[in-house]
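Each chain, letter by letter, is given below.
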Amino acid sequence: FPSHDTTLLIAFILAYVFRVFTKYVIDTSLNSFGKSLLVGLLTVFILPIVLILLLISLVAFPIGFLAMIFFIALLIIVPAVSGIMAGALVRRLFNKSDQYIIDFSTVAIGVILLTLISFVPFVGDITKTVLNLVAIGAVRRYLYRQVVH
C-alpha cells in the first residue's frame, strides 16, 4: 500500500479528476456496505487464484498479465477510496445530512482519520482492512457496471 502522503495525493486526484467514479463508489460503498464488503472479500480471495491460472496458461497469459496490472492498480487506489469513504461518512454523521459531500475537507479528514486510526493496535488494522475490503468491493461493482452496461 502507498504511504500516507501518497494516499492523500491519490485521494485528491480521485475526488477532483475522477468525480463521477468517486461519487458512485462512495455512494455504493456506504449505501450497501455489506454487499460491497462481500464482493470485496470474494475479489481478494478469488481474483489472485484466477490470475495465477491465467498466467500459467500460454494462451491466456496476456489477459492474465493485463488483469494483474489492473489488480495492482486497484490495490494502489483502494486506501485513497477508503479515506474518502471515511471522510464522507464522518462528515455525513456530523452534518446530519442524507448526502455524501466529497470535497477537499472530506478527503483530508478521511485520509488523516484513517492514518491516525492505523496507529491504534488491533482496532486500527481491523478498521482499515474492513474499509479497504468495502472499497475493493465498491470499485469492483463500479467496473462490473461499466463493462456489463
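All of these numbers come straight from a predicted model, not from anything done at the bench. (Residues numbered from 1 in each chain as written. Predicted model: local features only at pLDDT ≥ 70, side-chain atom pairs only at ≥ 80, totals over all residues. Heavy atoms only, no water.)

J.: Help me get a handle on the overall build of the protein, residues and values and all.
T.: Check the secondary structure of the protein and you find six helices and zero strands. Reading the helices (α) and strands (β) of the protein from amino to carboxyl end gives α-α-α-α-α-α. Its C-alpha atoms give the protein a radius of gyration of 16 Å, within 12% of the compact-globule value 15 Å for 149 residues. Overall, the C-alpha framework of the protein stretches about 55 × 40 × 25 Å when taken along its three principal axes. Among the 149 residues that make up the protein, the fraction classed as buried is 37%. With an accessible surface of roughly 8,800 Å², the protein has 77% of that area assigned to carbon and sulfur atoms. Once the 10 positive and 5 negative side-chain charges of the protein are each reduced to a mean point, those two points are 8 Å apart. (Helix = DSSP H or I, 4+ residues; strand = E, 2+ residues; numbered from the N terminus. Rg over C-alpha atoms; globule rule 2.2 N^0.38 Å. Buried < 20%, exposed > 50% of the residue type's maximum accessible area, 1.4 Å probe, protein only. Areas by Shrake-Rupley, 256 points an atom, 1.4 Å probe, with all protein chains shown as cover. Lys, Arg positive; Asp, Glu negative; His and termini not counted. Charge placed at Lys NZ, Arg CZ, Asp CG, Glu CD.)

J.: Summarise the environment of Ala108; cite the residues concerned and give the values.
T.: Turning to its location among the elements, Ala108 is positioned in helix 5 (residues 104-117). In this structure Ala108 comes out as buried when scored by relative accessible area, which is 15%. Here the alpha-carbon distance between Ala108 and Ser36, two residues 72 residues apart in the chain, equals 23 Å. Apart from residues no more than four positions distant in its own chain, Ala108 is found in contact with Leu8 and Phe12. (Contact = heavy atoms within 4.5 Å.)

J.: Explain the packing of helix 3 (residues 33-56) against helix 4 (residues 61-95) to me, and be specific about the residues and the numbers.
T.: Remark: helix 3 packs on helix 4, axes separated minimally by 7 Å, with the N-to-C direction vectors making an angle of 150 degrees. Here helix 3 runs over helix 4; the crossing is left-handed. Where helix 3 approaches helix 4, its residues Leu47, Pro48, Leu51, Leu54 and Leu55 are matched on the opposing element by Phe61, Ile63, Gly64, Phe65, Ala67, Met68 and Phe71. Classifying every residue of the contact of helix 3 with helix 4 gives eleven nonpolar, one polar and no charged. (Axes fitted to C-alpha atoms, helices over the stretch in contact; angles between N-to-C directions. Left-handed = near helix turned anticlockwise from the far one by under 90°. Nonpolar A, V, L, I, M, F, W, Y, C, P; charged D, E, K, R; others polar.)

J.: So, the environment of Asp103: which residues are in play, and what are the values?
T.: Mapped onto the fold, Asp103 is located in the loop between helix 4 and helix 5. Assessed through its relative accessible area of 23%, Asp103 is described here as partly exposed. Residues Asp103 and Arg19, spaced 84 residues apart in sequence, show a C-alpha to C-alpha distance of 9.8 Å. Residues in contact with Asp103, not counting those within four places in the same chain, are Tyr16 and Arg91. Polar contacts involving the side chain of Asp103 include one to the side chain of Thr106, which spans 2.9 Å. (Polar contact = N/O pair within 3.5 Å; in protein donor to acceptor, adjacent residues only side chain to side chain.)

J.: How would you summarise the confidence of the model for the protein if you had to cite specific residues and measurements?
T.: Looking at the protein, pLDDT values average 91 and 99% of them are 70 or higher. Looking at the elements of the protein, mean pLDDT is at its lowest for helix 1 (residues 4-16), recorded as 90, and at its highest for helix 3, recorded as 94. (pLDDT = per-residue confidence, 0-100.)

J.: Explain the packing of helix 1 against helix 5 to me, using residue names and the numbers behind them.
T.: At a closest axis distance of 10 Å, the pairing of helix 1 and helix 5 adopts a crossing angle of 150 degrees. The orientation of helix 1 relative to helix 5 falls into the category roughly antiparallel. Note that helix 1 runs across helix 5; the crossing there is right-handed. Contact with helix 1, carried on its side by His4, Thr7, Leu8, Ala11, Phe12, Ala15 and Tyr16, involves Phe104, Val107, Ala108, Val111 and Thr115 of helix 5 and no other residues of that element. Looking at the contact of helix 1 with helix 5, its residues break down into nine nonpolar, three polar and no charged. (Parallel < 35°, antiparallel > 145°, perpendicular 65-115°, else oblique.)

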